[in-house]
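What follows is the residue order along each chain.
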Amino acid sequence: MAEAQGSKGREKLPQTCRSRHPHLGAFYPGCQARPVLIMMGASNLWFPSTQSIIVMPRSDAEKKEVLADHLRVELGIDQIKQFGDQIPVIRALASARNIDVSGLADADIAAAVAEVLAPPESEEAREERRANWDPIELLIPEWRYLQKPALFPEQQNNTGLMVTEMQRGPDLHPYIARVVGVNRMKRVNAVLGFTRLDEMDRVNDLASRLVDLTRNGKPAWVPATEDRGEGIFLQFDLDAVAKWEVRVEGTALWEAHRESHRRNFARRFSETSKIVNPDTRLPSPRYWLVHTFSHILIREMAMYSGYGAASLTERIYAWSEAPQREAAAGLLICTTASDSEGTLGGLVALSEPGRLQGIVLSALRRAARCSSDPVCAMRTPADPEDFLHGAACHTCCFASETSCEKANRFLDRRLLIDIPTANGPTVPGFFGSAHGI
Ligand SMILES: [Zn+2]
Ligand SMILES: [Zn+2]
């Protein structure tokens with residue numbers, strides 16, 4: 001090892017990259033990079049980049065939208081080219097492959113066939129679509145579905161989803177507007193690629209950092225797993241959140257978080273920051289609020305649900321209003337495991353009105369104190385610090401890697417509840433004073 005270090009050692013290493021991609025079993029000559037020796041403190045060199053969705057029943061409009069993809073995958077382009085102008089044949093072929101086309105008009109099927117046969121999009125258009133894609137787009141359909149309790153009784157069981165609108169307990173905090181019990185759910189996790197040395201969302205999250213999954217860089221399919229579980233969805237009072245957010249945005253604490261995020265972005269995302277404004281990547285105060293609430297609830301629920309905290313996962317729906325989407329503030333705490341763990345019913349049972357209100361109350365009261373206070377309660381990033389959390393630590397708020405979707409960033413108890421400091425509360429807590437709840 002010593003011989004490979006330093007400038008002399010570097011001369012002994014191969015002078016050019018061999019261009020080998022071990023996971024593809026292939027060589028791609030042409031890489032001009034020069035190998036260097038680096039020391040790694042962690043054992044993982046490859047980080048999967050994954051995306052997950054909850055399987056939801058499709059509306060008729062959505063069924064039409066995905067028909068083209070179904071036909072492309074199940075029948076293949078060759079068969080569609082051959083029989084594309086004979087709709088009854090396409091119908092028969094689709095039915096034979098278990099694609100339900102009975103409720104669709106001939107015109108809908110003809111439109112799907114035309115979409116399959118349309119020339120593939122240009123490389124530039126594809127790259128642009130990839131660069132502009134926002135992961136929030138995967139969450140919007142889930143949020144919209146959960147907004148429509150009228151659809152719940154009609155849900156088809158073939159999606160594996162069963163949700164129930166629950167009563168709110170009389171003593172549940174008024175800012176928690178809705179409670180939905182998720183009796184059964186299915187989550188699909190897909191691997192989109194890998195990054196090396198660092199996770200995708202920790203350093204330079206450019207699409208070009210993703211190592212391709214196939215030799216041509218355009219996989220027709222990706223590996224995915226299906227997990228079953230249960231959960232609880234809570235929705236905040238959207239008007240109250242919007243009013244509170246305006247008050248927080250003007251505070252010194254929020255400005256400190258924003259500055260810290262800018263520094264962090266400039267250092268860790270030096271490539272991305274050339275083309276992206278760091279402020280567009282900072283989650284809004286409502287995300288911090290819902291995220292912190294989710295963590296304290298996971299800790300509390302782990303004590304009553306029969307699942308360990310590491311088996312509970314969060315899904316945060318928190319974004320401000322934008323042209324293509326309405327504002328959201330809610331969270332889903334769920335269990336998802338690829339085996340029978342996660343379907344025992346202990347978590348969804350906590351959505352009963354009498355039990356939930358007690359759990360929320362004790363979680364909020366617990367959040368008002370941390371055994372690392374006052375150090376924890378007063379933690380505010382100041383130049384040159386660039387950490388991305390405030391009053392949160394391993395004692396009070398942090399969750400395990402399997403639970404948190406943002407690696408314990410964007411957490412601050414002060415946004416949740418008024419925490420007294422020597423100089424008084426620094427920011428209005430959404431739920432107010434711990435004594436008042
Ligand atoms: Zn703490
Ligand atoms: Zn989290």
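Residues numbered from 1 in each chain as written. Chains lettered and ligands numbered in written order. Predicted model: local features only at pLDDT ≥ 70, side-chain atom pairs only at ≥ 80, totals over all residues. Heavy atoms only, no water.

Student: Tell me what's going on with the nonpolar core, and back it up with residues and numbers.
Tutor: Membership of the largest hydrophobic core comes to 58 residues, with the highest contact counts inside it found for Phe236, Phe293, Leu297 and Met301. In terms of residue count, helix H9 (residues 285-302) provides more of this core than any other element does, nine residues in total. Apart from the residues within four sequence positions on either side, Leu297 is in contact with Leu234, Leu331, Ile333, Ile359, Val360 and Ala363. Met56, Tyr145, Met185 and Tyr317 belong to the second-largest nonpolar core, a separate cluster that totals 19 residues. (Core = buried A, V, L, I, M, F, W, Y, C linked by side-chain atoms within 4.5 Å. Buried < 20%, exposed > 50% of the residue type's maximum accessible area, 1.4 Å probe, protein only. Helix = DSSP H or I, 4+ residues; strand = E, 2+ residues; numbered from the N terminus. Contact = heavy atoms within 4.5 Å.)

Student: If you had to explain unusual backbone geometry to someone new, which residues and values would you point to?
Tutor: In this chain, Asp373 is followed by Pro374 through a cis amide linkage whose omega measures 5 degrees. Assignment of secondary structure puts Pro374 in the loop between helix H10 (353-367) and helix H11 (413-416). The linkage connecting Asp383 with the following residue, Pro384, adopts the cis geometry, with an omega of 10 degrees. Relative to the helices and strands, Pro384 resides in the loop between H10 and H11. Positive phi is not limited to glycine here, since Ala407 has a value of about 50 degrees. You can see Ala407 is positioned in the loop between H10 and H11. In this structure Ala407 comes out as partly exposed when scored by relative accessible area, which is 37%. In this model, Asn408 sits at a positive phi of 60 degrees, which is unusual for a non-glycine residue. Position of Asn408 relative to the elements: it lies in the loop between H10 and H11. Of the residues examined, Asn408 reaches a relative accessible area of 13% and is grouped as buried.

Student: So what about the coordination of the zinc ion (ligand 2)? Which residues, and what values?
Tutor: When four donors bind a metal tetrahedrally, each ideal donor-metal-donor angle is 109.5 degrees, and when six bind octahedrally, the ideal angles are 90 or 180 degrees. Those donors, His291 (NE2), His295 (NE2), Glu314 (OE) and Cys404 (SG), are the protein atoms that reach the zinc ion (ligand 2), and they lie 1.9 to 2.2 Å from it. Binding-site remark: the zinc ion (ligand 2) is held by donors from one chain whose sequence spacing is H-x3-H-x18-E-x89-C. One end of the pair, Glu314, is in strand E7 (residues 312-319); the other, Cys404, is in the loop between H10 and H11, with 90 residues separating them in the sequence. Across this residue pair, the class does not change: Glu314 and Cys404 are buried. (Donors = N, O, S within 2.8 Å, 3.2 Å for Na, K, Ca; no water.)

Student: Go over the packing of aromatic side chains with me, naming the residues and quoting the values.
Tutor: Per the stated rule, a full pass over the model turns up 16 aromatic pairs. Where Trp143 meets Phe233, the ring centres are 5.9 Å apart and the plane angle is 65 degrees; that geometry is what we call edge-to-face. Highlighted residues: Trp143 in helix H6 (residues 136-146) and Phe233 in strand E6 (residues 224-236), separated in sequence by 90 residues. Residue Trp143 shares its accessibility class with Phe233, and that shared class is buried. With a centroid separation of 5.0 Å and 80 degrees between ring planes, the pair formed by Phe430 and Phe431 is classed as edge-to-face. Overall, Phe431 belongs to the buried group, its relative accessible area being 4%. Taken together, Tyr175, Phe236, Trp244, Phe293, Phe430 and Phe431 form an aromatic cluster joined through their ring pairs. (Phe/Tyr/Trp six-rings, centres within 6.5 Å; stacked < 30°, edge-to-face > 60°.)

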